[in-house]
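Report on the structure
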Amino acid sequence: MPDFLLPLLARNWNLTLLLAISHVIILYAWLRAERKGRWLSVFFLVLPMWYLMYRLARWRLQLPELAISFGLGGGVYLLWHLLYLRKIPLPNSDNIQVWGQES
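Residues numbered from 1 in each chain as written. Predicted model: local features only at pLDDT ≥ 70, side-chain atom pairs only at ≥ 80, totals over all residues. Heavy atoms only, no water.

Describing the overall build of the protein chain
The number of helices and strands found in the protein chain is four helices and zero strands. Helices and strands in the protein chain line up, N terminus first, as α-α-α-α. Looking at the 103 residues of the protein chain, the share that counts as buried comes to 22%. Entry remark: accessible area of the protein chain is about 8,100 Å², with carbon and sulfur atoms responsible for 69%. (Helix = DSSP H or I, 4+ residues; strand = E, 2+ residues; numbered from the N terminus. Buried < 20%, exposed > 50% of the residue type's maximum accessible area, 1.4 Å probe, protein only. Areas by Shrake-Rupley, 256 points an atom, 1.4 Å probe, with all protein chains shown as cover.)

Focus: a nonpolar patch on the surface
A contiguous nonpolar surface patch, about 530 Å² in accessible area, is contributed by Tyr28, Leu79, Trp80, Leu83 and Tyr84. The biggest single contributor to the nonpolar patch is helix 4 (residues 63-83), with three residues. Summarising the element assignment, leucine 83 is placed in helix 4. For leucine 83, a relative accessible area of 58% translates into the label exposed. (Patch = residues over 30% accessible without salt bridge, like charges linked within 9 Å, V, L, I, M, F, W, Y side chains within 5 Å. Salt bridge = Lys/Arg side-chain N within 4 Å of Asp/Glu carboxyl O.)

Remarks on the confidence of the model for the protein chain
One rule of thumb: low pLDDT means the predicted coordinates there are not for detailed reading. The predicted model of the protein chain averages 81 in pLDDT, with 85% of residues at 70 or higher. Confidence, read as mean pLDDT per element, is least for helix 1 (residues 6-9) in the protein chain (60) and greatest for helix 3 (residues 38-59) (89). (pLDDT = per-residue confidence, 0-100.)

Considering the nonpolar core
Among the nonpolar cores identified, the biggest contains seven residues, and these are Leu15, Leu19, Ile26, Val46, Met53, Ala57 and Leu66. The set of elements that each furnish at least two residues to this core consists of helix 2 (13-31) and helix 3. Excluding its chain neighbours within four sequence positions, the residues that come into contact with leucine 15 are Leu56, Arg60 and Gln62. (Core = buried A, V, L, I, M, F, W, Y, C linked by side-chain atoms within 4.5 Å. Contact = heavy atoms within 4.5 Å.)

What about helix 3?
Between its first and last C-alpha atoms helix 3 spans 30 Å; for 22 residues at 1.5 Å apiece the expected length is 32 Å, and the two agree. Listed in full, the buried residues belonging to helix 3 are Arg38, Ser41, Val42, Val46, Met53 and Ala57. Tucked inside the fold, the buried residues of helix 3 contact helix 2 and helix 4. Trailing helix 3 by a residue or two, leucine 61 shows a phi angle of about 60°, which is positive. (Expected span 1.5 Å × (residues − 1).)

Here's what the structure looks like:
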């Protein structure tokens with residue numbers, strides 16, 4: 001086994017996969033938000049979640065896993081966006097319907 005692969009094999013891949021999946025979910029929620037409310041979702045969704053992930057990784061001394069998960073999550077989301085999500089129209093105020101009681 002080459003010496004440069006040994007540090008990669010010693011990583012906690014369960015945590016890396018969990019963080020990568022959460023990055024995909026956060027990116028999906030942020031980019032599918034209405035364009036007017038996207039900055040609100042940055043401050044109330046994206047930044048707090050990424051800060052909590054950073055604190056967890058720093059507390060557990062697993063910052064390399066966090067960096068790898070950023071790359072994996074971003075790559076998976078980019079591929080998924082290019083293949084599937086570009087075909088779905090972005091939400092706007094005109095096509096959002098609120099379900100309520102019918103009078």
